[in-house]
Amino acid sequence: MVKQSALLIICLLWFSIGYAQDEYPPITPDNADTVTAINTITVASNRAEQPIALDFNPVDSTRLAVAFEGGTIGIISNPAQPQSQILRWPAHNGDVNDVLHSADGESLFSAGADGRVMEWDSQNGELIRTLDEHRKAAYSLALHPDGDILAVGYDDGLVRIFDLVNGEKIITLYSLERAILDIEFHPNGRFLGFSHQTLWIHIYEIGDLRQDEINLFATMHMGEIAEFEFQPDIFNPEPPPMLYVVALVTAAVNWQSVISWDVFRVFPNDEFAPKFESNSEITYPSALDYNSDGSLIVVGGNVCTTEVNTDVIEIMHGVKLGDEKFSVITTLEQDERWVRDVIFSGDDSFVAAAIDMNLIVLAVSR
């Protein structure tokens, strides 16, 4: 059992008195052009402990979880304020590849390079249970919209699905023997998708997972996937329900090449499914996320030209019915670093980015 005294390292990053969390409006297509960075937090002094992945607490956007290289996890309190604090504890032997809150925000799941999948108390960092110990690294986590099913992708191409009520593994999916770099449930709960290091995305249609109701629905070749997301159901109630996948196509393994920068909406059994492109200037996209209703996408990546090599965060419109293209609304420029992850908070008030050189950048609408 990991002792609490050995787990918790509390670092005060800035000191001030009397700060309270300000209220910020949700970021929408109407105000996205005013989004600006309001805080940059240095989360470590060791360059071997770069932040890898982020996740806002779904019921408290003033708490941001961070997965680090080197095996630690952090919870940043009040990341929008200079008086930010970080609760940090050792969690895995090797990198923490992903972190994900439970639906009620009380737990935090982690996937590690040591093959373990663990559940922690999100308030104090205490270990609740170890869900899995696999011989290969655990890379990615996804929570079913119902909140009681967790899917995990591994380095050897396995996807394991766990019942969080009793902690039992209920399904194992076998696919290509390559790392599952990203895994997602559709917000409507009908689909599970995961992307491979070998350029493929597999989509499964699901029913009652406890009754093994899951079937391969579609397989798509898209290039080297850094991250992909399902777009929320912005087309409902008409036309009838359909599958549409939004995927960011970039180098996920060597970070040196990119096949294209496209967003695809793919209709079932349609080999001529339309491809949607943006006016993005990003050359090497590395991460993306949707806001809660699918009207906005935030993308992090790198712009490379003969004269400049700049990391940027772009906010752009989501794909709408009848669109052929979607456009960038605003761009936040950083410097010669790499954007590792970028996300919206659950209430859409914040955008957070994990950036090389141990930085977390927080942006809001003014």
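The preceding data block contains the structure.
Residues numbered from 1 in each chain as written. Predicted model: local features only at pLDDT ≥ 70, side-chain atom pairs only at ≥ 80, totals over all residues. Heavy atoms only, no water.

**Student:** Any chance you could explain the overall build of the chain here in plain terms?
**Tutor:** Helices and strands together make up the secondary structure of the chain, namely one helix and 30 strands. If you sum the accessible surface of the chain, you get close to 15,400 Å²; carbon and sulfur atoms cover 46% of it. (Helix = DSSP H or I, 4+ residues; strand = E, 2+ residues; numbered from the N terminus. Areas by Shrake-Rupley, 256 points an atom, 1.4 Å probe, with all protein chains shown as cover.)

**Student:** Is there a simple way to explain the packing of aromatic side chains in this structure?
**Tutor:** Given two aromatic rings, one states the distance between the centres and the angle between the planes to describe the pair. One pass over the structure, following the stated rule, counts six aromatic pairs. Ring centres 5.6 Å apart and planes at 65 degrees place the aromatic pair Y24 and F350 in the edge-to-face group. Of this pair, Y24 sits in the loop between β1 (9–12) and β2 (35–42) while F350 sits in the loop between β28 (339–344) and β29 (351–355), and the two are 326 residues apart along the sequence. An identical accessibility class is assigned to Y24 and F350; each is buried. (Phe/Tyr/Trp six-rings, centres within 6.5 Å; stacked < 30°, edge-to-face > 60°. Buried < 20%, exposed > 50% of the residue type's maximum accessible area, 1.4 Å probe, protein only.)

**Student:** What is the right way to look at the sheet that holds strand β13 (residues 159–163) in this model?
**Tutor:** Backbone hydrogen bonds are what pair the strands of a sheet, in a parallel or an antiparallel way. Spatially, the four strands line up as an open sheet ordered β11-β12-β13-β14, and their pairing is antiparallel. Each of the sheet's edge strands pairs with one partner strand only, and the pair in question is β11 (138–143) and β14 (168–173). Mean inter-strand twist for the sheet, computed between neighbouring axes without regard to direction, equals 25 degrees. For β13 and β14, the ladder comprises five bridges, and the chain directions are antiparallel. The partner of I161 across the bridge, within β14, is I171. (Pairing = 2+ DSSP bridges. Axes fitted to C-alpha atoms, helices over the stretch in contact; angles between N-to-C directions.)

**Student:** So what exactly am I meant to see when it comes to the environment of A37 here?
**Tutor:** Within the secondary structure layout, A37 lies in strand β2. The partly exposed category is assigned to A37, whose relative accessible area is 37%. As a C-alpha pair, A37 and F350 span 313 residues in sequence and 9.7 Å in three-dimensional space. When near neighbours in sequence (up to four residues on either side) are disregarded, A37 contacts L332, V361, L362 and A363. (Contact = heavy atoms within 4.5 Å.)

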